[in-house]
Amino acid sequence: MLLVYLPIAGRGELSRLIAKVGGIEGFEEAAQLPDGITKAECGSASGVPLLVDGDLKMNESTAIEMYLSSIAPKFASLTPKQRAKDAQFCCLKETCLGAVAKPLFGGKDKEGIQAAWKKFLPVVEGILPKEGFVNG
């Protein structure tokens, strides 16, 4: 199994975390697709992350995260409600990254970046449990 992403956190970091903590063996990373596989085969016009697992070729970070969590041995006992809550956090991560990306990559607008975080971090913090972990 190969995750294709840049050597930064961004949209690939949660996939790495799910694979590591979830006990997925044979999880590898590269910055480029192997010869003979195209981004288009993975469903991508240009971007990363991409995942190749045998004949499964896919893109979209949330879809990759959901797939990895569904095959991770250590997450096999999660209930549908727990999986739904995990999916919610995966999607919130995408919302936050999208909100920060425009002011960050569109001119390093410090106030815009801070405004995005001030908008979304209270939402994330508001759905966290007071103690322990989200799923236990």
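First, a word on what this report is: a plain description of the structure on this page.

1. Re helix α1 (residues 13–22)
- Where α1 is concerned, the buried positions are S15, R16, I18, A19 and G22. In a view along the axis of α1, the buried residues occupy a sector of 165 degrees, so they form one face of it.
- Residues of α1 that are buried sit in contact with β1 (2–4), β2 (28–30) and α2 (61–71).
- One or two residues past the end of α1 sits G23, with phi positive at roughly 80 degrees.

2. What about unusual backbone geometry?
- The omega torsion across V48 and P49 is 15 degrees, close enough to zero to call that bond cis.
- Within the secondary structure layout, P49 lies in the loop between β2 and β3 (50–53).
- Although it is not a glycine, K108 adopts a positive phi angle of roughly 55 degrees.
- The topology assignment puts K108 in the loop between α3 (80–105) and α4 (110–126).
- With a relative accessible area of 63%, K108 lands in the exposed category.

3. Section: α4
- The end-to-end C-alpha distance of α4 is 24 Å, a good match for the 24 Å that 17 residues give at a rise of 1.5 Å each.
- Along its length, α4 shows its largest kink, about 25 degrees, at F120, and proline P122 lies within four residues downstream of that point.
- Buried within α4 are the following residues: G112, I113, A116, F120 and V124.
- Where α4 is buried, its residues contact α3.

4. What about the state of the cysteines?
- One pass over the structure, following the stated rule, counts zero disulfides.
- The cysteine C91 is free of any disulfide, with C90 supplying the nearest cysteine sulfur at 6.7 Å.

5. Quick word on the sheet that holds β3
- Strand order in this open sheet of four strands is β2-β1-β3-β4, and the pairing throughout is mixed. The outermost strands of the open sheet, each flanked by one partner alone, are β2 and β4 (56–59). Going across the sheet, the axis of each strand differs from the next one's by a mean of 20 degrees, ignoring polarity.
- Direction of pairing for β1 relative to β2: parallel, over a ladder of three bridges. Note on β2: the bridge partner recorded for L2 is E28.
- Sitting on the sheet, α2 touches β1, β3 and β4, and the angle it makes with β4 is about 135 degrees.

6. Points about the pairing of β3
- Taken together, the three bridges between β1 and β3 define a ladder with antiparallel strand orientation. Its bridge partner being in β3, L3 is matched across the sheet by L51.
- Where β3 lies against β4, four bridges are found, and the strand directions are antiparallel. Residue pairing for β4: D53 is matched across the bridge by L56.
- In sequence, β3 turns back onto β4 through a hairpin of two residues, with G54 there showing a positive phi of about 65 degrees.

Conventions used here
Residues numbered from 1 in each chain as written. Predicted model: local features only at pLDDT ≥ 70, side-chain atom pairs only at ≥ 80, totals over all residues. Heavy atoms only, no water. Buried < 20%, exposed > 50% of the residue type's maximum accessible area, 1.4 Å probe, protein only. Helix = DSSP H or I, 4+ residues; strand = E, 2+ residues; numbered from the N terminus. Arc of directions from axis to C-beta. Contact = heavy atoms within 4.5 Å. Expected span 1.5 Å × (residues − 1). Bend = angle between axes of the 7 residues up to and from the residue. Disulfide = S-S within 2.5 Å. Pairing = 2+ DSSP bridges. Axes fitted to C-alpha atoms, helices over the stretch in contact; angles between N-to-C directions.

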